[in-house]
Amino acid sequence: MKEILFTGSGVAIVTPFHAGAVNFPAFGRLIDRQIDGGTDAIIVCGTTGEAATMTQKERMETIAYCVDRVAGRVPVIAGTGANDTQVARENALAAERLGVDGLLIVTPYYNKATQQGLLRHYKVIADSVGTPIILYNVPSRTGVNIQPETYAELAQHPNIAGVKEASGNFSQIQKTRNLCPADFAIWSGNDDETAAICMLGGSGVISVVANVLPAEMHRLTALCLANDFSAAGRLQLKLKPLCDALFCEVNPIPVKTALNLMGLEAGELRLPLCPPTDASVERLKLALSSWDLLPEQTS
C-alpha cells in the first residue's frame, strides 16, 4: 500500500507579488497563517500561485522558500506541470532536489494529448523521480480530461499517489473510485464539491477557499473524514456563497483581491490576469463580511 501524502485540506496558496517580484516576507506570513489555521498541506506554485507567469528561477526560489519556511510542519507539494513533457520532468527533478514532499502535475495544456499521450507523459515523469505525484485534472483550463481507465493504469505506478480532480464530473469520479485501488487518493479540486467527493471516498481537498478560511476548510474535511456528513453538509452549504464569490472571475483574481481586502498582503496580479471589476469587488466584500473577515474601514 502506498502512503497517502495528506488527508484533509491542502491550500493552493497564492504567491504575493510586489513591484514585479515575489514578496517573500508576505509569503512567509501567509504560510504561517495557514499552518496556524490547521491546514494539512501547502501546495505551492500551482494555478492559484500564478506559476504560469513566473520565471523558472522565481518558481524554484518560491518552492525552496516554502520548504524552508514550513520546516516539516506539514507536507509541501509543488506544482511542476508543463505542456512539454521534458520541461515537466526537469521541473519535477528540480523541485525534488529542493526537498518537497509531493509534486502536483497538471495535464499538458494546449497540446490536448490523447489518453495514450497522457499515460506516456506521466510515466516518463514518474519513472524519473522518487517523490509522489498528484495528477491534476482540470479540463476547463487545459482542454483535456483524464479518463477513469487512464487513472486505473496510472494508479499502478508506485510514484503516482492520486489525483486533484476538478472535472466536476461526478459520474467519472465514481467510476474512477471503482476502477482504482484504495491507495489511489482522490482530492477535490473544487471547493464546493469537497463534501460530495469525500462521501465518494475522497481524501480531502486542494483548496482555494482555504487561503481565506483555513480553519473552516480544515474542519470541513475533518468532519468528512470522520464520516459526519450531516455536519459536513451544513458547513459546505454555509461556505457556498464564499466559494462562488471567490470564483466570480478567473482564479486567482478574486482570492488575491479578497486577501488584500482582509489586509493580508497578497499583492498584485500578473498579466494577463488583471484586477476585478467593481461589481466583483462588492460581491467579495459582501461574502467576506458574512464571515466577519473585513477590517471596519473596508466593510
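What counts, and at which threshold
- Residues numbered from 1 in each chain as written.
- Predicted model: local features only at pLDDT ≥ 70, side-chain atom pairs only at ≥ 80, totals over all residues.
- Heavy atoms only, no water.
- Helix = DSSP H or I, 4+ residues; strand = E, 2+ residues; numbered from the N terminus.
- Rg over C-alpha atoms; globule rule 2.2 N^0.38 Å.
- Buried < 20%, exposed > 50% of the residue type's maximum accessible area, 1.4 Å probe, protein only.
- Contact = heavy atoms within 4.5 Å.
- Areas by Shrake-Rupley, 256 points an atom, 1.4 Å probe, with all protein chains shown as cover.
- Lys, Arg positive; Asp, Glu negative; His and termini not counted.
- Charge placed at Lys NZ, Arg CZ, Asp CG, Glu CD.
- Axes fitted to C-alpha atoms, helices over the stretch in contact; angles between N-to-C directions.
- Parallel < 35°, antiparallel > 145°, perpendicular 65-115°, else oblique.
- Left-handed = near helix turned anticlockwise from the far one by under 90°.
- Nonpolar A, V, L, I, M, F, W, Y, C, P; charged D, E, K, R; others polar.
- Salt bridge = Lys/Arg side-chain N within 4 Å of Asp/Glu carboxyl O.
- Pairing = 2+ DSSP bridges.
- Polar contact = N/O pair within 3.5 Å; in protein donor to acceptor, adjacent residues only side chain to side chain.
- UniProt positions renumbered as here; feature names shortened; annotations may be inferred.
- Phe/Tyr/Trp six-rings, centres within 6.5 Å; stacked < 30°, edge-to-face > 60°.
- Lys NZ or Arg CZ within 6 Å of the ring centre and 35° of its normal.
- Expected span 1.5 Å × (residues − 1).

### A look at the overall build of the protein
Scanning the protein for helices and strands turns up 12 helices and 10 strands. Here the C-alpha atoms of the protein give a radius of gyration of 18 Å, agreeing with the 19 Å that 2.2 N^0.38 yields for 299 residues. Taken over 299 residues, the protein has a buried fraction of 56%. Of all intrachain contacts in the protein linking residues separated by at least 6 positions in sequence, the fraction that spans at least 24 positions is 72%. Total accessible area computed for the protein in this model is approximately 12200 Å², and 53% of it derives from carbon and sulfur atoms. Here the protein contributes 24 positively and 30 negatively charged side chains, and the mean placements of these two sets differ by 3 Å.

### Overview of the packing of helix α1 (residues 24–36) against helix α2 (residues 56–70)
Relative to each other, α1 and α2 sit at 45 degrees, their axes nearing to 10 Å. With respect to α2, the axis of α1 lies oblique. Considering the relative orientation of α1 and α2, their crossing is right-handed. Packed against α1, whose contacting residues are Phe-24, Pro-25, Phe-27, Gly-28, Arg-29, Ile-31, Asp-32 and Ile-35, the element α2 presents Glu-61, Thr-62, Tyr-65, Cys-66, Arg-69 and Val-70 at the interface. A breakdown of the residues in the contact of α1 with α2 according to their chemical character gives eight nonpolar, two polar and four charged.

### Focus: the pattern of salt bridges
For side chains bearing opposite charge, pairing can occur when the charged atoms are close. In the structure shown here, the tally under the stated rule is 11 salt bridges. When the shortest N-O distance is used, the salt bridge between Glu-265 and Arg-29 registers 2.8 Å. With Glu-265 in the loop between α11 (253–261) and α12 (278–289) and Arg-29 in helix α1, the pair connects residues that are 236 residues apart, well separated along the chain. On the accessibility criterion, Glu-265 (38% relative accessible area) is partly exposed. Owing to a relative accessible area of 46%, Arg-29 belongs among the partly exposed residues under this scheme. Among the salt bridges present, the one from Asp-32 reaches Arg-73, with a minimum N-O distance of 2.9 Å. Residue Asp-32 is found in helix α1, and its partner Arg-73 is found in the loop between α2 and β5 (76–79); the two are separated by 41 residues along the sequence. Where salt bridges share partners, they join Asp-32, Arg-69 and Arg-73 into one cluster.

### Looking at the pairing of strand β10 (residues 204–207)
Burial of β10 is two-sided: the residues Gly-204 and Ile-206 facing one way and the residues Val-205 and Ser-207 facing the other way are all buried. Where strand β9 (residues 185–188) and β10 come together, two bridges link them in parallel fashion. Residue pairing across strands places Trp-187 opposite Gly-204, the latter belonging to β10.

### Description of the side chain of Gln-172
Relative to the assigned elements, Gln-172 resides in helix α7 (residues 170–179). Gln-172 sits in the buried class, given a relative accessible area of 6%. Within the local environment of Gln-172, its side chain forms a polar contact with the backbone oxygen of Ile-146, the two atoms lying 3.3 Å apart. For Gln-172, the residues in contact, after removing those within four places along its chain, are Asn-137, Asn-145, Ile-146, Gln-147, Pro-148, Tyr-151, Glu-165 and Ser-167.

### Regarding the UniProt feature "binding site: pyruvate" (unreviewed entry) in the protein
Taking the numbering used here, the UniProt-annotated feature "binding site: pyruvate" (unreviewed entry) corresponds to Thr-48 and Ile-206. In sequence the annotated residues extend across 159 residues, while in space they remain close, none of their C-alpha pairs exceeding 10.6 Å. Mapped onto the elements, Thr-48 comes out in the loop between β4 (41–44) and α2. For Thr-48, a relative accessible area of 4% translates into the label buried. What Thr-48 contacts, discounting residues up to four positions off in sequence, is Ala-12, Ile-13, Val-14, Thr-15, Val-208, Asn-211, Asn-251, Pro-252 and Val-255. Residue position: Ile-206 is located in strand β10.

### What about the packing of aromatic side chains?
Here the structure, examined in full by the defined rule, presents four aromatic pairs. Their ring planes at 50 degrees and their centres at 5.9 Å tell us that Tyr-151 and Phe-184 sit as a pair that is tilted. Taken as a pair, Tyr-151 in helix α6 (residues 148–154) and Phe-184 in the loop between α7 and β9 lie far apart in primary sequence, 33 residues in all. Judged by its relative accessible area of 0%, Phe-184 falls in the buried class. One aromatic cluster is present, formed by Phe-24, Phe-27 and Tyr-65 through successive ring pairs. Here Arg-270 stacks its cationic end above the ring of Phe-17, 4.0 Å away from the centre of that ring.

### So, α2
With 15 residues, α2 should reach 21 Å at 1.5 Å per residue; the first-to-last C-alpha distance of 21 Å fits that figure. For α2, every residue scored as buried is listed here: Glu-58, Arg-59, Met-60, Thr-62, Ile-63, Cys-66, Val-67 and Val-70. In this fold, the buried residues of α2 make contact with β3 (21–22), α1, β4, β5 and α3 (85–97). Phi turns positive, to about 50 degrees, at Ala-71, one or two residues after α2.

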